[in-house]
Amino acid sequence: MTDEFDGRLRRPLPRRRFLQTSAAAAAVLAFGTPAWAEQPERPRLVVVLLRGAVDGLAVAAPVGDPHYAEMRAGLTLEDGIPLDGLFSLNPSMPGFARLFADRQAAIVHAVATPYRNRSHFDGQDVLESGYPERGQTDSGWLNRAIGEAARRGGPQPPALAIGASLPLILRGPAPVTTWINEATTRSSPGTRERLLDLYKQTNPSLAEGLARAVELDATARSDAELKATPSRRNGFVEDMRVLAAFLRESSGPSVGVIDSDGWDTHVKEGPQKGRLGRLLAELDQGLLTLRDGLGPVWAQTTVVVVTEFGRTVRMNGTTGTDHGNGTLALLAGGGVAGGKVVADWPGLAPGSLYEGRDLQPTIDTRSIFKAVAERHFGLDGSSLDRVFPSSGSAPPLPRLVT
Amino acid sequence: MSTTPSGAVVATRRFGLGARPGEVSEAAADPRGYVVRQIGVTPVQGAADLQSSDQIIQRRLRAGQELKALAGQQSGSDLSDDANYQALRQIVRPAAYVQPEVSERFEAGFSSDNPLIERLTYFWSDHFTVSRLKGSKVTAVAGAFEREAIRPYVYGRFSDMVLAVAKHPAMLFYLDNDISAGPDSRVGQRKSRGLNENLGREILELHTLGVQGGYTQADVIAFAKALTGWRVEMAPGDATGRFVFVPQWHEPGPVEFMGQVYDQPGMEQAEAILNYVSVHPATARHIAGELAAHFLQSPPPPALVDRLSGVFLESDGDLAAVTRALVTDDASWQAPPSKVLPPFDFVVAVLRALELPPSELPVEAAAALFGQRTWGATSPKGWPAEDEIWASPAALLKRLDWVETVVPRAGDVDPLARADAVLGDLSEPTRNAVARAESRHQALALLLMSPEFLLR
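Treat the numbers as computed from the prediction; the structure is a model and nothing was measured.

Criteria and cut-off values
- Residues numbered from 1 in each chain as written.
- Chains lettered and ligands numbered in written order.
- Predicted model: local features only at pLDDT ≥ 70, side-chain atom pairs only at ≥ 80, totals over all residues.
- Heavy atoms only, no water.
- Helix = DSSP H or I, 4+ residues; strand = E, 2+ residues; numbered from the N terminus.
- Rg over C-alpha atoms; globule rule 2.2 N^0.38 Å.
- Contact = heavy atoms within 4.5 Å.
- Lys, Arg positive; Asp, Glu negative; His and termini not counted.
- Charge placed at Lys NZ, Arg CZ, Asp CG, Glu CD.
- Buried area = accessible area lost by both parts, 1.4 Å probe.
- Salt bridge = Lys/Arg side-chain N within 4 Å of Asp/Glu carboxyl O.
- Nonpolar A, V, L, I, M, F, W, Y, C, P; charged D, E, K, R; others polar.
- Patch = residues over 30% accessible without salt bridge, like charges linked within 9 Å, V, L, I, M, F, W, Y side chains within 5 Å.
- Areas by Shrake-Rupley, 256 points an atom, 1.4 Å probe, with all protein chains shown as cover.
- Core = buried A, V, L, I, M, F, W, Y, C linked by side-chain atoms within 4.5 Å.
- Buried < 20%, exposed > 50% of the residue type's maximum accessible area, 1.4 Å probe, protein only.
- Domains from an automatic or database assignment.
- Phe/Tyr/Trp six-rings, centres within 6.5 Å; stacked < 30°, edge-to-face > 60°.
- Lys NZ or Arg CZ within 6 Å of the ring centre and 35° of its normal.
- pLDDT = per-residue confidence, 0-100.
- Axes fitted to C-alpha atoms, helices over the stretch in contact; angles between N-to-C directions.
- Parallel < 35°, antiparallel > 145°, perpendicular 65-115°, else oblique.
- Left-handed = near helix turned anticlockwise from the far one by under 90°.
- Pairing = 2+ DSSP bridges.
- Polar contact = N/O pair within 3.5 Å; in protein donor to acceptor, adjacent residues only side chain to side chain.

A.B. asks: So what about the overall build of chain B? Which residues, and what values?
C.D. replies: Assigned secondary structure in chain B consists of 25 helices and four strands. The globule rule puts the C-alpha radius of gyration for 456 residues at 23 Å, and the 24 Å found for chain B is close to it. By its C-alpha atoms, chain B is 75 × 60 × 35 Å across when sized along the principal axes. Across chain B, every contact between residues at least 6 apart in sequence was considered, and the portion connecting residues at least 24 apart equals 73%. Distance between charge centres in chain B, computed from 43 positive and 55 negative side chains, equals 3 Å.

Set out below in structure tokens:
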């Protein structure tokens, strides 16, 4: 008699088995035909959270600013893609450039939440909660917006977060769900790098072991990649493909949230060929994968890409940048009034910088969120005030969404 | 990492399962007292629905016979849709018994307020390894073995544990004593069955005297002969599944073991030998060395081994006294953490640190992925004491991959506050790594993979 042990198959994460295909997605998310399935024009909203604080000046560089070359020495873009008289796009994002040219993408620059300190955790709390300060609520603005929409317009489909956890932005009383993409349950390169750094300082034998394993993993992975389709190359792009499959369904979710890690570029930022360049290329590929996956639904989709804060204008001593304030937000989709960079440009002159080091924020991130929420959920002023308390100083940004 | 750990870290990690939030501050006031207080405390295990080994064996035997009968009645026809057939197959499957046992083991570790007894149970269970690699007979009762033959004795006499182990069906199956017949016994004569030395040898080499314990091959054979007839009752009846001494299998006559003649009748012969080896000085050294290597460092500090060995001998193998000597020895409170948490202990420590119940995660698969399937050691020697194996490159990366998928389930935990609540003293690099992480989840992942958390 053989031992029939099969612990690996036993007791899987319940959510993992949750949905295997987009057809199953429809069935499970809907339980029959919900009201929202009868609304073919129903808009879709995707929020991409770039965790770690993105160096906005390396994404859309103000090459026309007279202080650009001097202040950004070591980090200036070569062969940037001109967007307007002031800004050029990082060449790692050719897809976004095409969307921009087709008026399906826009950039809002010199953006920040009201948070002015420089802790990732607190910054993300403020960004996702929609409150002016951290620690004021356990719910996220997106969840509250869904709640307001349901109050006014009837039941809403559960919003979907890709990943094991529910990010704060979606937490709250309105129904939400999560999906773990099994293909992407590896630890992130950023966490691996940090752990390796910690081991190097504390325990050489652990450092040696982890370094070797990461190297082997990379080899095994690139070998597998040779045989795989391009869309399977990395986690974020694959997650975007899956998200598109869910959102495309007539009875699927209207709102999706997706995370991307690794933007904390203190060391060797590499805005083009290096680390940041690779992250931007991945983001770019992810956006195109989402568009392709959504098909006709892309026309009624708005994608908002945000980060908790920006980074120092000047390069630091390790060819990277440190935590700062002003940064940018990207928008894409058929729902965007695209082809423009929206900014009240503060300039890069040393005297114009926040505390002499950061890009001075001139647009509140909540103004972008409010414009999107107004359009997507059909919320009026009083509803918006409930979703974004104490945000009177941040009115919805006009002419951002169609 | 070469500094002396804090008392709370020793109390909750070296002699514990890793702190749950609050446990560090609880232990910090009187770390030694925190551990000593637990000696002798044997809480009843939670899950009442776990079956005893004889119940399990009975159920499987009976269902197996019914399956046979069913197959005989309907030979040739397809039974896969037959509900009765399927139900019987479920009863026979060893997973039906071992899975709840493994779940209970994780649950007990996660929720324990007396982690010392859990740690001692893991230690002794490994010392007296049975492995499900042997097959379904062992697998079905592996959990029951630990509950019946190990756990009740961790604060009792070593000789009692040795006896309980040697008479347990799991061990009799695992080391083949159920098929070992005395060459001159009635069964040996009639059925051309013979002696199997497996149990006799491993009791001497692994369970008691140790490989350098001074016994010879002739002693192994003598002991194996004395053990013949120690079997499991497999015939239908009230005693099915229990230990039984069967005279027809027992080698008749006296044996000479380590220079002494044992001429006791029947079962008493092997019992007398077991009692002798259980209190032997070689056994005392062997056990003392293993305890020190398991809880402190490998190879163990010789002076500590001497002291523990002395207590073992003076107390006639009183394991409460030996445990007390171990946890109150100054060496235990000074040795820098050097032992990598084995996979099971690591998973339990993560669950405790994050307050995540094991029922919500595929914990067993995780521990197996890191190299340790519960009751799945590859030899009777158990898991290696040289535990660098647990920090092999691949295993390390698997732990990180897993940890990063688990931390989001902990919700909004303040990483630095949690670090203080479950570890106390952090090295400066670890504190910085946690404080400067990109996200709370990353911070928690770094904390749980830090040397402070990986080692004890």
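The structure having been displayed, the exposition proceeds.
A.B. asks: Let's hear about the interface of chain B and chain A: which residues, and what values?
C.D. replies: On the chain A side, the residues contacting the 55 residues of chain B number 50 residues. Across the interface of chain B and chain A, roughly 4,200 Å² is buried in total on both sides, 59% from carbon and sulfur atoms. Area buried by chain B at its contact with chain A is led by L397, E438 and R440 of chain B, which between them contribute 16% of it. Connecting chain B to chain A are four salt bridges. Notably, a salt bridge pairs R275 of chain A with E438 of chain B, separated by 4.0 Å at the nearest N-O pair. Secondary structure elements with two or more residues in the side of chain B that touches chain A: α5 (83–92), α6 (95–111), α8 (136–150), α20 (363–369), α21 (393–406), α23 (428–435), α24 (440–449) and α25 (451–454) of chain B. A total of eight residues in the side of chain B that touches chain A trace back to one element, the largest contributor, which is α21 of chain B. Among the residues forming the side of chain B that touches chain A, the class breakdown is 28 nonpolar, 13 polar and 14 charged.

A.B. asks: So what's going on with a positive patch on the surface? Residues and values would help.
C.D. replies: On the surface, a cluster of positive charge is contributed by R186, R190, K191 and R193 of chain B. Relative to the assigned elements, R190 of chain B resides in helix α11 (residues 186–191).

A.B. asks: Before we move on, can you summarise the pattern of salt bridges with the specific residues and values?
C.D. replies: Opposite charge on two side chains allows them to pair when their charged atoms are near. Residue and element names in this part refer to chain B. Using the criterion set out here, one finds 40 salt bridges over all chains in the structure. Salt-bridge contacts for D412 lead to R440; the nearest nitrogen and oxygen are separated by 3.8 Å. Note that D412 is positioned in the loop between α21 and α22 (415–422) and R440 in helix α24, a separation of 28 residues in sequence.

A.B. asks: I'd like a rundown of the nonpolar core, residues and numbers included.
C.D. replies: Formed by 147 residues in total, the largest nonpolar core has its most connected members in W124, F128 and F346 of chain B. With nine residues, the top contributor of residues to this core is helix α19 (residues 343–354) of chain B. What W124 of chain B contacts, discounting residues up to four positions off in sequence, is I150, V154, F158, M161, I287 and L319 of chain B. Membership of the second largest hydrophobic core comes to 56 residues, among which are L280, V303, V313 and A332 of chain A.

A.B. asks: Which residues make up the domain arrangement of chain B, and what values go with them?
C.D. replies: Residue and element names in this part refer to chain B. Partitioning chain B into structural domains gives domain 1 (6–37 + 340–454), domain 2 (53–169), domain 3 (175–278) and domain 4 (281–334). Placing a centre on the C-alpha atoms of domain 2 and another on those of domain 3 gives a separation of 24 Å. Listed per partner, the contact involves 16 residues of domain 2 and 21 residues of domain 3. A combined buried area of about 1,600 Å² lies between domain 2 and domain 3, and 63% of that area is made up of carbon and sulfur atoms.

A.B. asks: Describe the packing of aromatic side chains, listing the residues and the values that go with them.
C.D. replies: One pass over the structure, following the stated rule, counts 23 aromatic pairs over all chains. Where F87 of chain A meets W345 of chain A, the ring centres are 5.0 Å apart and the plane angle is 90 degrees; that geometry is what we call edge-to-face. With F87 of chain A in the loop between β3 (81–82) and β4 (88–89) and W345 of chain A in the loop between β11 (340–342) and β12 (363–364), this pair connects stretches of sequence that are 258 residues apart. An angle of 80 degrees between the planes, with centres 4.8 Å apart, marks the rings of F123 of chain B and W124 of chain B as edge-to-face. The buried category is assigned to W124 of chain B, whose relative accessible area is 2%. By the ring-pair criterion, three or more aromatic residues cluster together here, those being F15, F123, W124, F128, F158, F295, F312 and W333 of chain B. The side chain of R399 of chain B reaches across the aromatic face of F346 of chain B, ending 4.5 Å from its centre.

A.B. asks: Just give me the short version of the confidence of the model for chain B, but keep the residues and values in it.
C.D. replies: Per-residue confidence for chain B gives a mean pLDDT of 93, with 98% of residues at or over 70. Both confidence scores are given for the complex: pTM 0.77, ipTM 0.89.

A.B. asks: Give a detailed account of the packing of helix α7 (residues 189–202) of chain A against α23 of chain B, specifying residues and quantitative values.
C.D. replies: Contact geometry of α7 of chain A with α23 of chain B gives a least axis separation of 9 Å together with a crossing angle of 165 degrees. By the angle between their axes, α7 of chain A is roughly antiparallel relative to α23 of chain B. When the axes of α7 of chain A and α23 of chain B are compared, the crossing they make is right-handed. Judged by residue contacts, L198, Q201 and T202 of chain A of α7 of chain A engage P429, T430 and A433 of chain B from α23 of chain B. Here the residues of the contact of α7 of chain A with α23 of chain B sort into three nonpolar, three polar and no charged.

A.B. asks: Requested: an account of the pairing of strand β5 (residues 105–112) of chain A, with residues and values cited.
C.D. replies: Residues and elements named next belong to chain A. Along β5, eight of the eight residues are buried, which leaves the element largely enclosed by surrounding structure. Sheet analysis places β5 next to strand β10 (residues 327–332), joined by six bridges and oriented antiparallel. The residue bridging A106 from the neighbouring strand is L331, located in β10. Sheet analysis places β5 next to β11, joined by three bridges and oriented parallel. Considered in β11, the bridge of A106 is made with K340. Relative to β12, β5 runs parallel, the two sharing two bridges. Paired with V111 across the strands is I363, a residue of β12.

A.B. asks: Tell me about unusual backbone geometry, residues and numbers included.
C.D. replies: Omega for the bond connecting S298 of chain B with P299 of chain B falls within 30 degrees of zero, at 0 degrees, which places this linkage in the cis form. With respect to the secondary-structure elements, P299 of chain B resides in the loop between α15 (281–295) and α16 (302–314). The backbone of D79 of chain A shows a phi angle near 55 degrees, a positive value even though the residue is not glycine. Turning to its location among the elements, D79 of chain A is positioned in the loop between α3 (68–71) and β3. We note that E355 of chain A has phi near 50 degrees; this positive angle belongs to a residue other than glycine.

A.B. asks: Describe the packing of α6 of chain B against α19 of chain B, listing the residues and the values that go with them.
C.D. replies: Residues and elements named next belong to chain B. Two numbers describe how α6 lies on α19: the axes approach to 9 Å, and their chain directions differ by 50 degrees. What the angle tells us is that α6 and α19 run oblique. Viewed along their axes, α6 and α19 form a crossing whose handedness is right-handed. Here α6 contributes R105, F106, G109, F110 and S111 to the contact with α19, which in turn contributes F344, V347, V348, L351 and R352. The residue makeup of the contact of α6 with α19, split by class, is six nonpolar, two polar and two charged.

A.B. asks: Please provide a residue-by-residue account of the side chain of S187 of chain A, values included.
C.D. replies: Position of S187 of chain A relative to the elements: it lies in the loop between β7 (176–179) and α7. Separated by 2.9 Å, the side chains of S187 of chain A and R192 of chain A make a polar contact. Looking at S187 of chain A, its side chain comes within polar contact range of the side chain of D401 of chain B, at 2.5 Å. Non-local contacts of S187 of chain A, meaning those with residues more than four positions away in its chain, are made with R192 of chain A together with L397, L400, D401 and E404 of chain B.

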